[in-house]
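# Results of the structural survey
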Amino acid sequence: MTQRLRSRPQFQAVMAGAPVAKTPHFALHRAALDAHVEGKPLFPVADAWLGVLLPKRWARRAVTRNAIRRQIYEAARHLPVALPHAAWVVRLRSEFSRKQFVSATSDALKRAVRLELEQLLSRVQLPRPAVPVETRDVG
């Protein structure tokens, strides 16, 4: 299960580093879970933590931001292998063309966002699933 980033210090800790992956519209930031504020851990549960940063500058309408936010959480939830235990922030870094995607909730926009998110998340160094080793009878 993925935890969600909630507080400003959590977002600041993750955003302090350079992005680990980029696509034309998104950037992915990562931070270790060992950050502390006032002696308390920022990330009390050893799990994958995910946050979304969608500036109004790049998505003016709330309906657009909400649609993109839902796509981000769903894309992370449907990864073939869970995100590694770390804190992650997906940041929108440029606007989706309002001329190309007139409706904020169009299927075309959702498909474009999902495709780009899958590309972004595939660039993360995910642990590979264990492959069973075939055993042979030596006879």
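The structure under discussion appears in the preceding block.
Residues numbered from 1 in each chain as written. Predicted model: local features only at pLDDT ≥ 70, side-chain atom pairs only at ≥ 80, totals over all residues. Heavy atoms only, no water.

Okay, the sheet that holds strand E6 (residues 49-53) next. Taking strand neighbours across the sheet as the criterion, the five strands line up as E1-E6-E7-E3-E2 in an open arrangement whose pairing is mixed. Each edge of the open sheet is held by one strand with a lone partner, namely strand E1 (3-4) and strand E2 (21-22). Two elements, strand E3 (residues 26-31) and strand E7 (residues 87-92), share six bridges in a ladder whose sense is antiparallel. Within the sheet, the bridge partner assigned to Leu28 lies in E7 and is Val90. The strands touched by helix H1 (residues 8-15) are E3, E6 and E7; relative to E7, the strand with the most contacts, the crossing angle is about 85 degrees. Sheet contacts for helix H3 (residues 107-122): E2, E3 and E7; angle to E3, the most-contacted strand, approximately 35 degrees. (Pairing = 2+ DSSP bridges. Helix = DSSP H or I, 4+ residues; strand = E, 2+ residues; numbered from the N terminus. Contact = heavy atoms within 4.5 Å. Axes fitted to C-alpha atoms, helices over the stretch in contact; angles between N-to-C directions.)

The next thing to look at is the packing of helix H2 (residues 62-77) against H3. Direction vectors running N to C along H2 and H3 enclose 40 degrees, while the axes themselves pass 10 Å from each other. The orientation of H2 with respect to H3, classified from their angle, is oblique. In terms of crossing hand, the pair formed by H2 and H3 is right-handed. Counted together, Thr64, Ile68, Gln71, Ile72, Glu74, Ala75 and Ala76 of H2 and Leu109, Lys110, Val113, Arg114, Leu117 and Leu121 of H3 form the full contact between these two elements. Looking at the contact of H2 with H3 residue by residue, the class counts come to eight nonpolar, two polar and three charged. (Parallel < 35°, antiparallel > 145°, perpendicular 65-115°, else oblique. Left-handed = near helix turned anticlockwise from the far one by under 90°. Nonpolar A, V, L, I, M, F, W, Y, C, P; charged D, E, K, R; others polar.)

Read these as layout, nothing more, since geometry by itself doesn't imply function.
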